[in-house]
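Coordinate analysis (summary)
What follows is the residue order along each chain.
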Amino acid sequence: MDQPTASGLGREACERFVIEEARLLDDRRFRDWLALFTDDGAYWVPAERDQSTPHGRVSLFYDDREFMTNRIERLEHPLIHVQTPPSRTVHLVGSVTLEPMRTEPWLPPADLLVQSSLMMAECRLDAQRLFAARQWHWLRVVDGRLRIVLKRVDLVDCDGAFEAIALPL
């Protein structure tokens with residue numbers, strides 16, 4: 001059952017949002033993806049299991065909006081070597097649930113916490129990689145629309161060795 005939250009939004013609306021976010025990444029619409037983030041939003045992929053903060057620790061990604069913009073500009077550059085030719089991806093999002101709000105002193109205010117499972121297949125140069133993760137979206141309602149305050153992607157093998165990960169998960 002899709003019970004509305006204090007923000008008036010239920011699980012189904014949050015699920016549609018998270019699935020649409022994944023579709024933007026698959027379509028390489030990175031600027032539209034960036035527009036889903038609040039001005040104080042961030043994208044985080046921890047490098048350790050159960051990592052509690054991105055501050056003072058190594059992360060695979062910890063991008064604020066400015067860094068995300070720079071990363072997207074590099075991805076759009078025609079000569080970026082890690083994306084020539086460009087990767088093709090498919091994101092599969094499932095098991096979407098609304099969770100009780102968790103806050104941290106370093107985390108900007110959010111209205112909703114959404115947890116989901118993520119599988120992303122990436123194909124480039126006849127090679128395919130598979131990423132499995134649990135992801136969390138701290139969301140805020142801005143002008144009647146959902147926006148991402150923090151996207152946290154916990155890769156199952158976050159502490160493993162990786163070739164360069166150029167694309168957002």
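In short, a report on the structure. A quick note: this is a predicted structure, and the numbers were derived from the prediction, not measured.

What follows is about the pattern of salt bridges. Overall, the coordinates contain ten salt bridges when judged by the stated rule. For Glu 20, the salt bridge goes to Arg 23, with nearest N and O atoms at 3.5 Å. With Glu 20 and Arg 23 both in helix H1 (residues 11-26) and three residues apart, the pair spans about one turn of that helix. Here Glu 20 falls in the partly exposed class, since its relative accessible area comes to 33%. On the accessibility criterion, Arg 23 (47% relative accessible area) is partly exposed. Two residues, Arg 129 and Glu 122, come together in a salt bridge whose shortest N-O distance is 2.8 Å. The class for Arg 129 is partly exposed, based on a relative accessible area of 22%.

Turning our eyes to something else, we now look at the nonpolar core. Trp 33, Tyr 43, Leu 139 and Leu 169 are the most contacted members of the largest nonpolar core, which has 36 residues in total. Where this core is concerned, the elements lending two or more residues are H1, helix H2 (30-34), strand S1 (37-46), helix H3 (65-76), strand S3 (88-99), strand S4 (112-124), strand S5 (127-142) and strand S6 (145-155). Among the elements that make up this core, the one with the highest residue count is H1 (six residues). When neighbours within four sequence positions are excluded, Trp 33 is seen to be in contact with Glu 21, Leu 24, Leu 25, Tyr 43, Met 68, Ile 72 and Pro 168. Ala 42, Ala 110, Leu 113 and Trp 136 belong to the second-largest nonpolar core, a separate cluster that totals nine residues.

Here we take up the packing of aromatic side chains. Within the structure shown, the criterion is met by five aromatic pairs. Centre to centre, the rings of Trp 33 and Phe 37 are 5.0 Å apart; their planes meet at 75°, and the pair counts as edge-to-face. With respect to burial, Trp 33 and Phe 37 carry one shared label: buried. Taken together, the ring pairs connect Trp 33, Phe 37, Tyr 43 and Phe 61 into an aromatic cluster.

Now for H1. For H1, with 16 residues, the first-to-last C-alpha span of 23 Å sits near the 22 Å given by 1.5 Å per residue. The complete set of buried residues in H1 reads Ala 13, Cys 14, Phe 17, Val 18, Glu 21, Ala 22, Leu 24 and Leu 25. Considering only its buried residues, H1 is in contact with H2, S3, S4, S5 and S6. Arg 28 sits one or two positions beyond H1 and adopts a positive phi of about 60°.

In this approach, a probe sized like a water molecule rolls over the atoms, and the result shows the empty space that is left. Within this structure, the stated rule accounts for one cavity of 30 Å³ or more. In this structure, the largest cavity occupies an estimated 50 Å³ of space. Together, Leu 25, Asp 26, Arg 28, Phe 30, Ser 87, Arg 88, Thr 89, His 91, Met 120, Leu 167 and Pro 168 line the largest cavity. Of all the elements in the fold, those that place two or more residues in the lining of the largest cavity are H1 and S3. Of all the elements, S3 adds the most residues to the lining of the largest cavity, at three residues. In terms of residue class, the lining of the largest cavity is made up of five nonpolar, three polar and three charged.

Strand order in the open sheet made by the six strands is S2-S1-S6-S5-S4-S3, with mixed pairing throughout. Looking at which strands have only one partner, the edges of the open sheet turn out to be strand S2 (59-64) and S3. Taken over all neighbouring pairs, the strand axes of this sheet differ in orientation by 20° on average, direction set aside. Of the strand pairs in this sheet, S5 and S6 are connected by ten bridges, and their pairing is antiparallel. The residue of S6 that forms the bridge with Leu 139 is Ile 148. Those strands touched by H1 are S3, S4, S5 and S6, and its axis lies near 165° from that of S3.

Rules used in this analysis
- Residues numbered from 1 in each chain as written.
- Predicted model: local features only at pLDDT ≥ 70, side-chain atom pairs only at ≥ 80, totals over all residues.
- Heavy atoms only, no water.
- Salt bridge = Lys/Arg side-chain N within 4 Å of Asp/Glu carboxyl O.
- Helix = DSSP H or I, 4+ residues; strand = E, 2+ residues; numbered from the N terminus.
- Buried < 20%, exposed > 50% of the residue type's maximum accessible area, 1.4 Å probe, protein only.
- Core = buried A, V, L, I, M, F, W, Y, C linked by side-chain atoms within 4.5 Å.
- Contact = heavy atoms within 4.5 Å.
- Phe/Tyr/Trp six-rings, centres within 6.5 Å; stacked < 30°, edge-to-face > 60°.
- Expected span 1.5 Å × (residues − 1).
- 1 Å grid on protein atoms, 1.4 Å probe; cavity = no way out; pocket = protein on both sides within 12 Å on 5 of 7 lines; lining within 4 Å.
- Points joined across faces, edges and corners; volume = space filled by probe spheres on them.
- Nonpolar A, V, L, I, M, F, W, Y, C, P; charged D, E, K, R; others polar.
- Pairing = 2+ DSSP bridges.
- Axes fitted to C-alpha atoms, helices over the stretch in contact; angles between N-to-C directions.

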